[in-house]
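# Summary of structural features
Here are the chains, one letter per residue:
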Amino acid sequence: MRAALTVWDGRISPVFDVCREVLLIDHQGGVELSRELCAVPVTDWQAKIDRLAEAGVERVVCGAISGAAAEALRARGIAVLGFVAGEVPRVVRAVLAGGRPAPA
């Protein structure tokens, strides 16, 4: 599976719609296979979603997200795990375990 985590300054970015970078993580059976930090369009969330779909993302993990962006992701077959906060390593561990990170 390929997940995209919106990131900023070592944490999950507060708002998907305006995030600048995503951490792409390929994982299977709880094991991280690869990771790559990628820039994404900042001001156009539709272009951001197109970029994620082209990259083969199957799930987005993010902070706040507008309803329109969340629906557009789901329409492209991308699951959304929104309203997540915390440091990237803790969130990655939760994603690999198949869950949502506990509030810190």
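Quick summary incoming for the structure in this document. (Residues numbered from 1 in each chain as written. Predicted model: local features only at pLDDT ≥ 70, side-chain atom pairs only at ≥ 80, totals over all residues. Heavy atoms only, no water.)

Further remarks concern the packing of aromatic side chains. Pairs of aromatic rings are described using the distance from one ring centre to the other and the angle between the two planes. The full count for this structure, using the stated rule, is zero aromatic pairs. Stacked on the ring of Phe16, the Lys or Arg Lys48 has its end atom at 5.7 Å from the ring centre. (Phe/Tyr/Trp six-rings, centres within 6.5 Å; stacked < 30°, edge-to-face > 60°. Lys NZ or Arg CZ within 6 Å of the ring centre and 35° of its normal.)

What follows deals with helix H3 (residues 88-96). Along H3, the residues classified as buried are Val88, Val91, Val92, Ala94, Val95 and Leu96. Buried residues in H3 make contact with strand E1 (2-8), strand E2 (11-12), strand E3 (21-28), strand E4 (31-39) and strand E5 (59-61). Trailing H3 by a residue or two, Gly98 shows a phi angle of about 85°, which is positive. (Buried < 20%, exposed > 50% of the residue type's maximum accessible area, 1.4 Å probe, protein only. Helix = DSSP H or I, 4+ residues; strand = E, 2+ residues; numbered from the N terminus. Contact = heavy atoms within 4.5 Å.)

This part covers the nonpolar core. Most often, soluble globular proteins have nonpolar side chains that are buried together. Counting residues in hydrophobic clusters, the biggest one holds 20 residues, and the most contacted among them are Phe16, Val22, Leu52, Val57, Val60, Ile65 and Leu73. Looking at this core, the element that brings in the most residues is helix H2 (residues 67-75), giving four residues. Aside from chain neighbours lying at most four places away, what touches Leu52 is Ala4, Phe16, Val22, Val40, Val57, Val60 and Leu73. Counting residues in hydrophobic clusters, the runner-up holds 14 residues, among them Ala3, Ile12, Ile25 and Leu81. (Core = buried A, V, L, I, M, F, W, Y, C linked by side-chain atoms within 4.5 Å.)

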